[in-house]
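Understanding the architecture of this molecule
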Amino acid sequence: MKILVPVKRVVDYNIKVLVKSDGTGVETAGLKMSMNPFDEIAVEEAVRLREKGSATEVIAVSIGVQQAQDTLRTAMAMGADRSILVLSEESPEPLAVAKVLKAIVEKEKPDLVFLGKQAIDDDMNATGQMLAGLLGWGQGTFASKVEIVDGRAEVTREVDGGTETVSLSVPAIVTADLRLNEPRYASLPNIMKAKKKPLETIQATDLGVDMTRRLTTVSVAEPPTRKAGIKVGSVAELVEKLRNEAKVI
Amino acid sequence: MSEREAMEFDVVIVGGGPAGLAAAIRLRQLNPEANVCLIEKGSEIGAHIVSGAVIEPRALEELFPDWLERGAPLKTPVTEEEMYFLTEKKGFRIPALDRVMPHLANHGNYVVSLGDVCRWLAEQAEALGVEIYPGFAGAEVLIEKNRVVGVATGDMGITRDGEKGPNYQPGMELRAKYTLFAEGCRGSLTKQVMEHYNLRKGVDPQTYGLGIKEVWEIPAENHRPGLVVHSFGWPLDDKTYGGAWLYHFGENLVSYGFVTGLDYENTWLSPFDEMQRTKLHPVFRKHFEGGRRLIYGARALSEGGLQSIPRLTFPGGALLGDSAGFLNTPKIKGTHTAMKSGMLAAEAVIDAMKADRVEPAAYTSLVRQSWLYDELKSARNVRPAFARWGSKLGALYAGFDAMVLRGKAPWTLHFKHADNETLKPASLCTPIAYPKPDNKITFDKLSSVFLSNTNHEEDQPVHLKVRNMGLWKTVNWDVFRSPESRYCPAAVYEAVDTDTEARLVINSQNCVHCKTCDIKDPTQNIDWCTPEGAGGPNYPAGM
């Protein structure tokens, strides 16, 4: 069983981003970039399936600028066997990403595509579902547990009010939720070894995918700052304020 | 012996600042075959770099004569310069700065983000074939048969209790013929090496400063790229060394910061609050109006200069940059000296490698023959004059030293005390009333630390090791009333239950790796050790 894991290069989760002073977006220049944490979980799960013997090969793929190869190196340091970098403009939209991935799927013929459920930069939560739609494959989204049983993928999903287990015939799409696993560290020896693993680079345009932007960002604003609180002198005053000022009781 | 993997290199460099990167580059320039590995505890190169910074391009020029064509991020030449002596309400501008304080004449220098310069240097180094691994802290010096044979990176995935967690990964031994320590001021491995080889024998104690910095974005109409402002005097008393800087650079950015000499005596002093309140002085306030604060950070720096530089080499390696203490204090610059020291160490290492010598001892003589030494020699009496006679007389001495003696005084002033010996008991010090933050120009510590993007993996042992908690109670609390809760710029230390049985809480996840606690603790009871790699601040571009 072959697993394809798309990984996205995003602003590191530790960085507090700032809205550009002209309100057209978020300042990303010169910020630390890392692998989208949900994608790390997807890589980890794929590598564990290979280590358990359920999978034979794990291929990481990233779509974006040249520096995304650092993200692919991290995936390989975590255990992916090889990787593919599809060069395109910065941050293509989910539909374009799904179309590129479809082209890669047709080329590589994986049995599972394992994605993060969403990227922490735009929080779209769309690529996995769109890819399933484009390929006509089954999908197990928001996975908190994945098992391969008799050639089928049993995916436990986090849904409102509990969990749901679906059994998917492969090929299929799985998107990883937070509780699926805790990704391993990329150790220094493995980072050194990952430098020697194969990384293939292709141009998005060579895949014949229409990358035209369909979404327009109208404006980006920071959330309003919270107003300073006050100290009340007594319970009576608190009740009075809750009733007459906040009007919540 | 251990489950750790090991790898052999010709040279391992600990620390990806200007000194380490310049050394790495020079090594590959001199010998493209040399196997050079550089590790950095920050999550990426530049993540832990804090500096003003006005830099003198002299060493860069020697490293890459074509630095301009290579696109080095030195974009803002110094255009205007102001130096003030402050009183509470007024600022007196020092006239004829280039004659009175020639060290501070910045003609030909550039205002930069040193983090960005380091990121650029790292690109150059990688292009030359240096292997750079950020996110890995040098946690242990490997010494065999009295020779340093490399370092080991820290284990990852150790839980708070010191047990191996589910994600445990052992560290790795990076073994090398020569190991260069370029950890910056008060390096944790440098400290061990100095002790093991007794490198500080016969030199003055090192004296330090704590620099706390903010980067602001200000309205374009107020921005004067290349403007450089410095101050001394208020709000510090005459006995305390320090002052503020403010530089306009880049795209509407302002770098503002404050250095407090860590030989201060008043236990109630808070470098963070001195930095905050100085922004309210009329000389500085106008620069911040209408702006927004983007980044916050802090780092200690070595101020001792020539008298405090230890022996530079030992069997199997050398000390570079501010790990050795090459900062030129009156110039308030250490980047060019750090880079130069790295380049000279690289030359000595290549030389030693050829002759198969254990110690790259030529480094010391190369330093002595270079402009680096001349520069530090002529600057050597300024900082100790301030330590001896205070700010006003110290400044007068500095002017006399520059104009009359021209740095050639036949005497050398010495430092008598280490910074941890200078604090006075709380009962003998006057408490300082700092203004409350207004959340427009001045802020509190926690909202500041937030802007350093600091993070440490939560489940790991505390990396700030108190040797003896009992001593904290009897000395730090009973005598000095917890000075660490004031000098720490990141709110790591907190004295709690002070009405009953006072105890110390260490919020180590806030630590911005400035090293002040390791320096200033009165009984040297705190050891700053490297946390899990990639932990600490994540200073973005512009810092």
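Residues numbered from 1 in each chain as written. Chains lettered and ligands numbered in written order. Predicted model: local features only at pLDDT ≥ 70, side-chain atom pairs only at ≥ 80, totals over all residues. Heavy atoms only, no water.

1. Considering the overall build of chain B
Just so we agree on the cut-off: Strands here are runs of E lasting at least two residues and helices are runs of H or I lasting at least four, both read from the DSSP assignment and numbered beginning at the N terminus. Three exposure classes are used, based on accessible area relative to the maximum for each residue type with a 1.4 Å probe and protein chains only: buried under 20%, partly exposed in between, and exposed over 50%. Methods summary: accessible areas were calculated by the Shrake-Rupley approach with a probe of 1.4 Å, and residue burial reflects only the protein chains presented. By the counting rule applied here, Lys and Arg register as positive and Asp and Glu as negative, while His and the ends of each chain are not counted. Charged groups are reduced to one reference atom each: NZ for lysine, CZ for arginine, CG for aspartic acid, CD for glutamic acid.
Looking only at helices and strands, chain B features 16 helices and 24 strands. Dimensions of chain B, computed from the C-alpha atoms along their principal axes, are close to 60 × 60 × 50 Å. Burial status across chain B gives 65% buried among its 543 residues. Of the roughly 20,400 Å² of accessible surface on chain B, a fraction of 52% belongs to carbon and sulfur atoms. Here chain B contributes 59 positively and 67 negatively charged side chains, and the mean placements of these two sets differ by 6 Å.

2. Topic: the sheet that holds strand S5 (residues 82-87) of chain A
Residues and elements named next belong to chain A. Keep this limit in mind: In short, DSSP must find at least two bridges between two strands for them to pair. Between the N-to-C directions of two axes lies an angle of 0 to 180 degrees, each axis being a line fitted to C-alpha atoms and, for a helix, fitted only over the stretch in contact. For this analysis, residues touch if any pair of their heavy atoms sits within 4.5 Å.
The sheet built from nine strands is open, its strands ordered S9-S8-S7-S10-S6-S1-S4-S5-S11 with mixed pairing. Strand pairing shows two members of the sheet lacking a second neighbour, strand S9 (162-169) and strand S11 (199-203), which therefore form its edges. Neighbouring strand axes in the sheet, compared pairwise and without regard to direction, differ in orientation by 35° on average. Along the sheet face, helix H2 (residues 68-78) touches strand S4 (57-64), S5 and S11 and points at about 165° away from the line of S5. Lying on the sheet, helix H3 (residues 94-108) is in contact with strand S1 (2-6), S4, S5, strand S6 (112-116) and S11; it crosses S4 at an angle near 145°.

3. Considering the packing of helix H9 (residues 335-355) of chain B against helix H11 (residues 371-379) of chain B
All names here are of chain B. For the record, the criterion: Our angle categories are set so that under 35 degrees counts as roughly parallel, over 145 as roughly antiparallel, 65 to 115 as roughly perpendicular, and the remainder as oblique. Whether a crossing is left-handed or right-handed is set by the direction in which the near helix is turned from the far one by less than a right angle, anticlockwise for left-handed and clockwise for right-handed. Under the convention adopted here, Pro, Cys and the residues Ala, Val, Leu, Ile, Met, Phe, Trp and Tyr are nonpolar, Asp, Glu, Lys and Arg are charged, and Gly plus all remaining residues are polar.
Running from amino to carboxyl end, H9 crosses H11 at an angle of 140°, the nearest separation of the two axes being 10 Å. With respect to their mutual orientation, H9 and H11 come out oblique. As for how H9 packs across H11, the hand of that crossing is left-handed. Contact residues: His336, Thr337, Lys340, Ser341 and Leu344 in H9; Trp371, Leu372 and Glu375 in H11. Across the contact of H9 with H11, the residue classes tally to three nonpolar, three polar and two charged.

4. A word on the domain arrangement of chain B
Residue and element names in this part refer to chain B. As a reminder, the rule being used: Where each domain begins and ends follows an automated or database-derived domain assignment. Two parts placed together each lose some accessible area under a 1.4 Å probe, and adding up what both lose gives the buried area. By convention in these notes, a salt bridge is any Lys or Arg side-chain nitrogen within 4 Å of a carboxyl oxygen on Asp or Glu. Under the rule applied, a polar contact is a pair of N or O atoms within 3.5 Å (in protein, one hydrogen donor and one hydrogen acceptor; residues adjacent in sequence only if both atoms are side-chain atoms).
Along its sequence, chain B is carved into domain 1 (5-67 + 115-203 + 310-378), domain 2 (82-108 + 207-299) and domain 3 (419-528). A separation of 30 Å is found between the C-alpha centroids of domain 1 and domain 2. Counting residues at the interface gives 16 residues for domain 1 and 15 residues for domain 2. Both sides of the domain 1 and domain 2 interface together cover about 1,300 Å² of buried area, and 59% of this is carbon and sulfur. If you sort the residues of domain 1 by the area they bury against domain 2, Val50, Gly52 and Val54 come out on top, with a joint share of 36%. Taken together, the links from domain 1 to domain 2 amount to zero salt bridges. Scanning the region where domain 1 abuts domain 2 turns up seven residue pairs in polar contact (both at pLDDT 80 or more). Residues belonging to the side of domain 1 that touches domain 2 are distributed by class as follows: seven nonpolar, five polar and four charged.

5. Considerations on the interface of chain B and chain A
Listed by partner, the interface residues are 26 residues for chain B and 25 residues for chain A. Buried area between chain B and chain A, both sides added, is near 2,300 Å², and the carbon and sulfur share of it is 58%. Here chain B and chain A share two salt bridges between them. Among the salt bridges present, the one from Glu5(B) reaches Lys193(A), with a minimum N-O distance of 3.4 Å. Along the contact surface separating chain B from chain A lie 10 residue pairs in polar contact (both at pLDDT 80 or more). Listing elements by their share of the side of chain B that touches chain A, those giving two or more residues are strand S1 (5-14), strand S8 (131-134), strand S11 (156-158), strand S12 (164-169), strand S13 (172-181) and strand S18 (292-302) of chain B. By residue number, the principal contributor to the side of chain B that touches chain A is S1(B), which donates three residues. Considered class by class, the residues forming the side of chain B that touches chain A number 11 nonpolar, eight polar and seven charged.

6. So, the sheet that holds S18(B)
All names here are of chain B. An order of S6-S5-S15-S16-S17-S14-S18 is seen for the seven strands of this open sheet, with the pairing classed as mixed. The outermost strands of the open sheet, each flanked by one partner alone, are strand S6 (91-93) and S18. Between one strand axis and the next, the sheet turns by 20° as a mean value, whatever way the strands run. Contacts between helix H6 (residues 271-278) and the sheet are confined to strand S5 (80-86), strand S14 (208-217), strand S16 (242-249), strand S17 (253-261) and S18, with S14 contributing the most and set at about 40° to the helix.

7. Regarding the pattern of salt bridges
Going through the model one piece at a time under the given rule, you end up with 54 salt bridges over all chains. The partner of Arg292(B) in a salt bridge is Glu222(A), and the shortest N-O contact between them spans 3.4 Å. Pair noted here: Arg292(B) is in strand S18 and Glu222(A) is in the loop between S11 and helix H6 (235-244), and the two residues belong to different chains. For Glu222(A), a relative accessible area of 43% puts it in the partly exposed group.

8. So, the packing of aromatic side chains
Residues and elements named next belong to chain B. To keep it simple, the criterion reads: Only the six-membered ring of Trp is used, alongside the rings of Phe and Tyr, when aromatic pairs are assigned; centres must lie within 6.5 Å, and planes under 30 degrees apart are stacked while those over 60 apart are edge-to-face, with the rest tilted. Criterion for a charge above a ring: Lys NZ or Arg CZ within 6 Å of the ring centre, and within 35 degrees of the ring normal.
Overall, the coordinates contain 15 aromatic pairs over all chains when judged by the stated rule. Between the aromatic rings of Phe64 and Trp120, the centroid separation amounts to 5.8 Å while the plane-to-plane angle is 75°, which identifies the pairing as edge-to-face. Taken as a pair, Phe64 in the loop between helix H2 (58-63) and strand S4 (76-77) and Trp120 in helix H4 (residues 114-127) lie far apart in primary sequence, 56 residues in all. For the pair formed by Phe64 and Trp120, the shared burial category is buried. With a centroid separation of 6.2 Å and 45° between ring planes, the pair formed by Trp216 and Phe443 is classed as tilted. Of this pair, Trp216 sits in strand S14 while Phe443 sits in the loop between helix H12 (382-405) and helix H13 (445-450), placing them 227 residues apart in sequence. Its relative accessible area of 14% is what places Phe443 among the buried residues. An aromatic cluster of at least three residues, connected via ring pairs, comprises Trp216, Tyr256, Phe284, Phe288 and Phe443. For Arg147, the ring lying beneath its charged end belongs to Tyr178, and the centroid distance is 5.7 Å.

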